[in-house]
Amino acid sequence: MKKTTVFNIQKFSTHDGPGIRTTIFFKGCPIKCEWCHNPESQVFAPEIMLNKYGKEEWIGKEYSIHELVKKIQADQIFYDQSGGGVTFSGGEVMAQNIDYVVELAQECQRLGITVAIDTCGVAPTENFRRILPYADLFLYDLKFIDSHTHQLYTGANNHLVLENLRFLSDHQAEINLRLILLDEINADEGTAKEIIDWLTDEGIHVSEISLLPYHDFGRDKYDRLQRTCTQNFTQPSDEQVMSIKETYQAAGYQVTIGG
Ligand code: SF4
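No experiment lies behind these values; they were computed from the predicted model shown.

Definitions and limits used
Per chain, the residues get numbers from 1 upward, laid out in the order the sequence is written. Local features are withheld for residues below a pLDDT of 70 in this predicted model, meaning they are given only at 70 or higher, and side-chain atom pairs are given and counted only at 80 or more; totals for whole chains, interfaces and linings count all residues. Working from all heavy atoms in the structure, the side-chain values ignore hydrogens and water. Each helix corresponds to a stretch of at least 4 residues labelled H or I by DSSP, and each strand to a stretch of at least 2 residues labelled E; elements are numbered beginning at the N terminus. Categorising residues by exposure relies on relative accessible area from a 1.4 Å probe, with only protein chains included: less than 20% of the type maximum marks a residue as buried, more than 50% marks it as exposed, and the intermediate range marks it as partly exposed. A contact between two residues is defined here by any heavy atoms of the two lying within 4.5 Å. Orient the strands so they point away from the viewer; a crossover is then right-handed if the path from the first strand over the helix to the second runs clockwise. Strand pairing is assigned whenever DSSP detects at least two bridges linking the two strands. Here a polar contact means two N or O atoms within 3.5 Å. Within protein one must be a hydrogen donor candidate and the other an acceptor candidate, and residues neighboring in sequence count only if both atoms are side-chain atoms. Here a residue counts as near a molecule or strand whenever at least one of its heavy atoms sits within 4 Å of it. Residues are grouped as follows: Ala, Val, Leu, Ile, Met, Phe, Trp, Tyr, Cys and Pro are nonpolar; Asp, Glu, Lys and Arg are charged; all remaining types, including Gly, are polar.

Trainee: Sorry if this is basic, but what is going on with the side chain of Asn-127 here?
Mentor: Note on placement: Asn-127 falls in helix 4 (residues 125-131). By relative accessible area, which is 10% here, Asn-127 ends up buried. In this structure Asn-127 touches Met-94 and Ile-98, once residues within four positions along its chain are discounted.

Following this line, the structure appears as structure tokens:
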């Protein structure tokens, strides 16, 4: 029986796609963003984290496809009424066992539950090709156009990120592009214009852009995992975020702030 490790199942989520959703957080990510507020998502295997009272707790539990489908299906009435569905997130869902992920998405589609894929884009293009027929929406993170900067802050270059974004756009996927905003690093109009130019030059179509201002909500989790915290950024001001929003709007994009 196929199983995979999940570290959280969030019901009644309203930030991971349209309507009311269940978000499945798969454990394991191929990159390490310094601003990551879910550091317990990065390692693929279950691991121990101290809870808020200082007691050891296992993070990550294995689920069969049948077990996850049952959890997802339990709230189908809310999806139907709100235009919601299920979101596969992480960690990085596209770097999991792709046979498992495709079968889970197929089963959701068979039940009439729409599927959103929340991805950082670092996974084989073949995995995107396989999930495409069963995914209704991609919440796609674009962190930096410049590969060296991407490498500096995430530990990996962005070749696959850009290639997979092109692939999805070429195949008419519905894409919500999600952009992290870090003060003094990329929360400026120059970076926004660079991204707009790149999207235009590459002919990439996105239905929406979501601006995600940095926050440091996950800091205590690094302590509880006994890891050095890498969340040493500054939140951009409301004025910066509004100015970036206007830059994208002026270029014709529909823009929201937040997930
Ligand atoms: S892609 Fe997401 S889960 Fe992975 S390290 Fe970055 S922020 Fe964390």
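Trainee: Got a minute to help me understand the pairing of strand 7 (residues 114-119) in this structure?
Mentor: When a strand is regular, its side chains alternate between the sheet's two faces. Buried residues dominate strand 7, accounting for five of its six residues. In this fold, strand 6 (residues 85-89) hands off to helix 3 (residues 98-110), which returns the chain to strand 7; that crossover is right-handed. With four bridges connecting them, strand 7 and strand 8 (residues 137-141) associate as parallel partners. Of the residues in strand 8, the one forming a bridge with Asp-118 is Leu-139. Where the polypeptide runs from strand 7 across helix 4 and back to strand 8, its parallel neighbour, the crossover connection is right-handed.

Trainee: I'm lost on the side chain of Ser-13 in this one. Help?
Mentor: Among the secondary structure elements, Ser-13 is positioned in strand 1 (residues 3-13). Looking at Ser-13, its side chain comes within polar contact range of the side chain of Asp-16, at 3.0 Å. Excluding its chain neighbours within four sequence positions, the residues that come into contact with Ser-13 are Gly-19, Ile-20, Arg-21 and Thr-23.

Trainee: Where do I start with the site of the ligand in this structure?
Mentor: Neighbouring residues of the ligand: Cys-29, Ile-31, Lys-32, Cys-33, Cys-36, Ser-41, Gln-42, Gly-91 and Cys-120. Classifying every residue of the shell around the ligand gives five nonpolar, three polar and one charged.

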